[in-house]
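Examining the three-dimensional arrangement
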Amino acid sequence: MIRDVDVIVIGSGQGGVPLATELAGEGRTVVLFERAAFGGTCVNSGCTPSKAFLASAHAAGRARRARAIGLRGEVHLDFPAVMERVRGIIRDWTAGVRTRLEKAGVEIVHAEASFAGERTVEGGGVTVRAPIVVIDTGGTAAIPPLDGLSGVPYLDNASFFSQTTLPRRFLVLGGGYIGLELGQGMARAGSEVHIVHPNARVLDAEEPDASAALEDALREDGVQLHLGARAVSAAVREGAIVLGLAGGGEVAGDALLVATGRKPNTVALRCERSAIALDERGYVHVDAELRTTCAGVFALGDVAGQPAFTHVSWEDHRRILGVLRGEHRTRDDRVMAYSTFTEPQVARAGLTLEQAQAKGHDALAVTLPISEVARAFEWNEERGFYRMVVDKRDDRILGATLVGYESAEIVHVFIAHIARGSTWRDLADAMHIHPTFAEGLPTLARLVPPELDARP
């Protein structure tokens, strides 16, 4: 029997949960389907556990580096205790998400959902229909078709946190955010880490000097980078995991993390039954208001092809709420920003110079080495740089790339300035506190050639 409700939410990620609780709070009947652990990737296998793990790993790394400023002593990371703490945090946060939904009056169906018809969803013996359906099923690790890999006990971003003993040698397949964060963390935990990446530099979607700064830091941590190396096979040999490389080389380890990309969780949804189109990669096709090709059905976050960051999913839910209330909100009415949580961090807001020029801006970029910021020198954190992109025609700040210690915190200065249409002169005229890392930002702005001052 089909039961009619007001709203159906598929998935309990960081966009679906606040949307479901908000609409339930308005008095609507909301049904949420979740096939796995509550909280989605962020809580269970992404942001929360990885940053809890990195809290320990980076603390160990900083302590070792502190020898340069006079600290002495041996640093040992208790890996089993660290991972048990991480798993405890996952359990607590997952339980908290379910409690939040229940307190809000959301009806929970703990089962895999699929469309049974237009805006009709079934799962766990329940079939419901609603005028509003929101898809928040996220993504999962994309495993490459590597010869022999299916017979190897590899880890992905989810199973990584099930580890109870520190492997002596740790292999990472992939040089993106996940592979670099967890790879550096394992090196600082005490493993011999090898990162195998087919391209010539890590973070190859970022600016080359950002990649170079991070590569230097990884090598300083003892990470062995195999760049331009394409893995063609995987096997277990004499108790070791062996990656075969194109050209005949091999890399051996005791554990393997596969971090080669993500894919959307859409196969089980049977979207065609509700006339919901997918793109060629399997992501839900949405317009600027996050509407799918079926009226009344929305999709948010990475399942809709959005950048795979929690803050993007959370902001998506605000836009869907706005659209439902008759407001003009789109996925483009925000400043895109993100960061790696390696050390140094690579943080971005808005456009790079290349992106700005491709969009038709007459743009320039100015760069300040962090070594010229007093706090960086005092704290022995001089690796990295601050970069700002501005429009020559109207002086507006278009973007920033910050590479350095806690850059993910500092980049918020640029997010706010770009969102409000500030010029480089606004930042140059600001007084920032001395001595802080953010003190370098007005200094950076003052590097813009003064003849570009567009003030009358």
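Since the structure is predicted, the reported quantities are computational estimates derived from the model, not experimental observations. What you see as residue numbers is a count from 1 along each chain, following the sequence as written. Only residues with pLDDT of 70 or above have their local features reported here, since the model is predicted, and side-chain atom pairs are shown and tallied only from 80 upward, although totals for entire chains, interfaces and linings are computed over all residues. Derived side-chain values reflect all non-hydrogen atoms in the structure, with water molecules and hydrogen atoms excluded from consideration.

Right, let's talk about the sheet that holds strand β13 (residues 231-237) for a bit. A pair of strands is considered paired only if DSSP assigns at least 2 bridges between the two. Secondary structure elements are defined from DSSP: runs of H or I of at least 4 residues count as helices, runs of E of at least 2 residues count as strands, and each element is numbered from the N terminus. What the three strands build is an open sheet, ordered β13-β14-β15; its pairing is antiparallel. In this open sheet, the two edge strands, each paired with only one partner strand, are β13 and β15 (250-253). Within the sheet, the average angular offset between the axes of one strand and its neighbour, ignoring direction, is 20°. In the sheet, strand β14 (residues 240-245) pairs with β15 via four bridges, with the strands oriented antiparallel. Bridge assignment links V242 to a residue of β15, and that residue is A252. Throughout, an axis means a line fitted to C-alpha atoms (over the contacting stretch in the case of helices), and angles, computed between N-to-C directions, take values from 0 to 180 degrees.

Note on terminology: disulfide describes a covalent bond linking the sulfur atoms of two cysteines. Note on terminology: disulfide denotes any pair of cysteine sulfur atoms within 2.5 Å. All chains considered together, the criterion is met by zero disulfides. C271 takes part in no disulfide bond, and the closest cysteine sulfur, belonging to C294, lies 9.9 Å away. We call a residue buried when its accessible area falls under 20% of the maximum for its residue type, exposed when it is over 50%, and partly exposed in between, using a 1.4 Å probe and counting protein chains only. Relative accessible area serves as the criterion here: at 4%, C294 is assigned to the buried category.

Going from E343 to P344, the amide bond is cis rather than trans, its omega being 5°. As for its placement among the helices and strands, P344 is situated in the loop between β19 (337-339) and β20 (345-350). Look at the link from H434 to P435: it is a cis peptide, with omega at -5°. The backbone of R119 shows a phi angle near 55°, a positive value even though the residue is not glycine. Tracing the chain through its elements places R119 in the loop between β5 (114-117) and β6 (120-123). Positive phi values are uncommon outside glycine, yet E406 reaches one of about 50°. With respect to the helices, strands and loops of the structure, E406 is situated in the loop between β23 (397-404) and α10 (407-410).

Criterion for a salt bridge: a side-chain nitrogen of Lys or Arg within 4 Å of a carboxyl oxygen of Asp or Glu. Throughout the structure, instances matching the rule amount to 35 salt bridges. A salt bridge links R383 to E220, with the shortest nitrogen-to-oxygen separation between them at 3.0 Å. With a gap of 163 residues between them, R383 in the loop between α9 (374-378) and β22 (385-391) and E220 in helix α6 (residues 208-220) connect regions that are remote in the sequence. Residue classification places R383 among the partly exposed positions, given a relative accessible area of 27%. E250 is the salt-bridge partner of R237, the closest N and O atoms lying 3.1 Å from each other. Taken as a pair, R237 in strand β13 and E250 in strand β15 lie far apart in primary sequence, 13 residues in all.

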